[in-house]
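# What the coordinates show
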Amino acid sequence: MGIKVYNSLTKKKEEFLPLEPYGVKMYVCGPTVYDLSHIGHARSAIAFDVIYRYLKYRGYDVTYTRNYTDVDDKIIERAQREGTSTEEVSERYIKAYDEDMAALGVSLPTHRPRATETIPEMIEAIEGLIEKGYAYVVDGDVYYSVRKFQGYGKLSGKNIEELEAGARVEVDERKKDPLDFALWKKSKQGEPWWESPWGRGRPGWHIECSAMCIKYLGETIDIHGGGKDLIFPHHENEIAQSEALTGKPFARYWLHNGFVNIEKEKMSKSLGNILTIRDALKLHTPESIRLFVLSSHYRSPVEYSHSTLKEAEAKAERFYRTLLRIKEEFPQTLEAKLPEERLAERLKPFLDAMDDDFNTAHTIGLMFEEVSRANKLLDSASGRTPEETKEELSAIVSVFGELSRILGVFERSPEAYFTNLKSHAPIPVEEINALIKEREEARKRRDYARADAIRDELKEKGIILEDTPEGTRWFVR
RNA sequence: GGCGGCGUACCCAAGUGGCUAAGGGGGCAGUCUGCAAAACUGCUAUUCAGCGGUUCGAAUCCGCUCGCCGCCUCCA
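It should be emphasised that the depicted structure is a prediction, and the values quoted were computed from it without experimental measurement.

Moving on: the nonpolar core. If you look at soluble globular proteins, the nonpolar side chains tend to sit buried side by side. The biggest cluster of nonpolar side chains holds 100 residues, and the ones touching the most others in it are Phe-16, Met-26, Leu-55, Leu-255, Phe-319, Phe-358 and Phe-410. When residues of this core are assigned to their parent elements, the largest contribution, 11 residues, is made by helix α1 (residues 39-57).

Right under this line is the structure:
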């Protein structure tokens, strides 16, 4: 059985069969770089990162392109407000985006083109559309004739008559039809511009993605992704432009991720309920953010809240604690390599879940069943020899290793994970160690009242003490 | 108004025709412990928003009703 994906174009789950048997071409709409990215951007990037990782894991040679839209009304607006250049604004936020993505463990796509580096290709595409009669020039602007394209609305399920009736489209006398959209915009005073056959101007948003997609991946690609909100008009327009130009199907599978909601509402700038990735990283570990995102299906909405993130943190802690136990009690298992056949057999249920439209939530659920099993093995020998226990734990650890790479979670050593948490302790480590020492002395004196008082005091600050035969250790919560 | 989606326990969340309705968080009880913490064990949905229908059989398919959300304007 192969991979099945939900295709927004057909509104069905379909078997994934790329155009070339072993190569996959994948394009995802990246950010417009006019401000810091929020958790919604993080979700999209993480979801497609896992899809990218999984397809590679499944043996496909994936070419993944994710663009930066670095010329746009909002960038211009911001630059003017700040009295700086659009280049400076976009440069700043590209850098910020890259940093955020790296912090979240999002792997780098094969290509990361900027719209401004693809202007000649955009002009060429627009010329092609004019030649074929799909576009027209009005006083330095170029518009796309939506009605000329048969099948407009096939992705979003909209029909032209109803869109017209809705009349929420921008009013512009120069357009022949209110539905038409700009391919090229004549530049106003103080705006960035490029020379073109229609005079100085800049590209429209939709043509950017079409041009970059065709340039880096070709006329027909396998997967085109983005947030659900891009379905209309952005992706609908991309289809119209690209297919009118090439006469070929643009993308075979359209994948759209759901939103991150805050208090039941979509997180968005206009609603003013955004949480930037940076601010989120001040509150939570990157691991818990990834786990939060991947614990539900990529198409479903997720609710961001303190408690949902805390639950993700608890998951991470449970996982790493178990790994730590395994490492302490059976250190050899961490390096164990399972024979390929046995590994494949153990991995099957997990990969079946991933094959089913990248069901990371199910996969993670299954991983926690293994966590329980590992703990049971560690708790009781019950008729097993130590050798058998070691074997079994090695198998579990090997499975975890594979899945960690696919999901981009639990990739660190447990020590690194807990050390990182400790670095965020609310009081200095020396102070904690001193209190632990004092408590140990109290315990030796059997002064349990004092010992418990110290433990309670630390607990209040989020520091959990744990007495083991080897002494007391601590965790941050 | 048009289009799309969702409603599974106290909370988050898998499951989309048939073995015990995954998993995590929380709660309660127990084992362990000086007491805890962690881990483990048991309990916490005879039932999947409601009502009808199809079927030998439905959380899963169909219809209706109620509630929530998104897109139709820039938006991941």
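When the charged atoms of two side chains lie near each other, side chains of opposite charge can form a pair. Taken as a whole and assessed by the stated rule, the structure comprises 53 salt bridges. Arg-473 is the salt-bridge partner of Glu-328, the closest N and O atoms lying 2.8 Å from each other. On the criterion of sequence distance, the pair formed by Glu-328 in helix α10 (residues 306-329) and Arg-473 in strand β15 (residues 471-476) is long-range, its members being 145 residues apart. Take Arg-473: its relative accessible area is 24%, and that puts it in the partly exposed class.

Annotation of chain A at the domain level lists domain 1 (18-266), domain 2 (306-415) and domain 3 (425-476). Centre-to-centre separation of domain 2 and domain 3, based on C-alpha positions: 30 Å. Taken together, the contact between domain 2 and domain 3 spans 4 residues of the former and 4 residues of the latter. Around 310 Å² of area is buried between domain 2 and domain 3 when both sides are counted, 34% of it from carbon and sulfur atoms. The largest contributions to the domain 2 side of the interface with domain 3 come from Arg-321, Leu-324 and Glu-328, which together make up 85% of the buried area. Counted by class, the side of domain 2 that touches domain 3 contains 1 nonpolar, no polar and 3 charged residues.

By volume, the second largest pocket amounts to about 570 Å³. Forming the walls of the second largest pocket are 22 residues, and the residues nearest its centre are Leu-283, Lys-310, Glu-313, Leu-421 and Arg-477. Secondary structure elements with two or more residues in the lining of the second largest pocket: α8 (277-283), α10 and α14 (414-422). A per-element tally of the lining of the second largest pocket places α10 first, with 5 residues. A class-by-class count of the residues in the lining of the second largest pocket yields 9 nonpolar, 7 polar and 6 charged. Residues lining the lining of the second largest pocket come from more than one domain, with at least three contributed by each of domain 2 (306-415) and domain 3 (425-476).

Moving residue by residue along a regular strand, the side chains alternate between the two faces of the sheet. Of the strand pairs in this sheet, strand β6 (residues 141-144) and strand β7 (residues 181-186) are connected by 3 bridges, and their pairing is antiparallel. The residue bridging Tyr-144 from the neighbouring strand is Phe-181, located in β7. Note: β7 against strand β8 (residues 201-203), 3 bridges, orientation antiparallel. Pairing of Lys-185 across the sheet is with Arg-202, part of β8.

The subject of this paragraph is the sheet that holds strand β10 (residues 251-257). Strand order in this open sheet of 4 strands is β4-β3-β9-β10, and the pairing throughout is parallel. Of all the strands in the sheet, the pair left with one neighbour each is β4 (61-66) and β10. Direction aside, the axes of adjacent strands within the sheet are offset by 20° on average. One ladder, built from 3 bridges, connects strand β3 (residues 23-28) with strand β9 (residues 221-227); its direction is parallel. The residue bridging Val-28 from the neighbouring strand is Gly-225, located in β9. Along the sheet face, helix α7 (residues 231-246) touches β9 and β10 and points at about 160° away from the line of β9.

Parameters and conventions
- Residues numbered from 1 in each chain as written.
- Chains lettered and ligands numbered in written order.
- Predicted model: local features only at pLDDT ≥ 70, side-chain atom pairs only at ≥ 80, totals over all residues.
- Heavy atoms only, no water.
- Core = buried A, V, L, I, M, F, W, Y, C linked by side-chain atoms within 4.5 Å.
- Buried < 20%, exposed > 50% of the residue type's maximum accessible area, 1.4 Å probe, protein only.
- Helix = DSSP H or I, 4+ residues; strand = E, 2+ residues; numbered from the N terminus.
- Salt bridge = Lys/Arg side-chain N within 4 Å of Asp/Glu carboxyl O.
- Domains from an automatic or database assignment.
- Contact = heavy atoms within 4.5 Å.
- Buried area = accessible area lost by both parts, 1.4 Å probe.
- Nonpolar A, V, L, I, M, F, W, Y, C, P; charged D, E, K, R; others polar.
- 1 Å grid on protein atoms, 1.4 Å probe; cavity = no way out; pocket = protein on both sides within 12 Å on 5 of 7 lines; lining within 4 Å.
- Points joined across faces, edges and corners; volume = space filled by probe spheres on them.
- Pairing = 2+ DSSP bridges.
- Axes fitted to C-alpha atoms, helices over the stretch in contact; angles between N-to-C directions.

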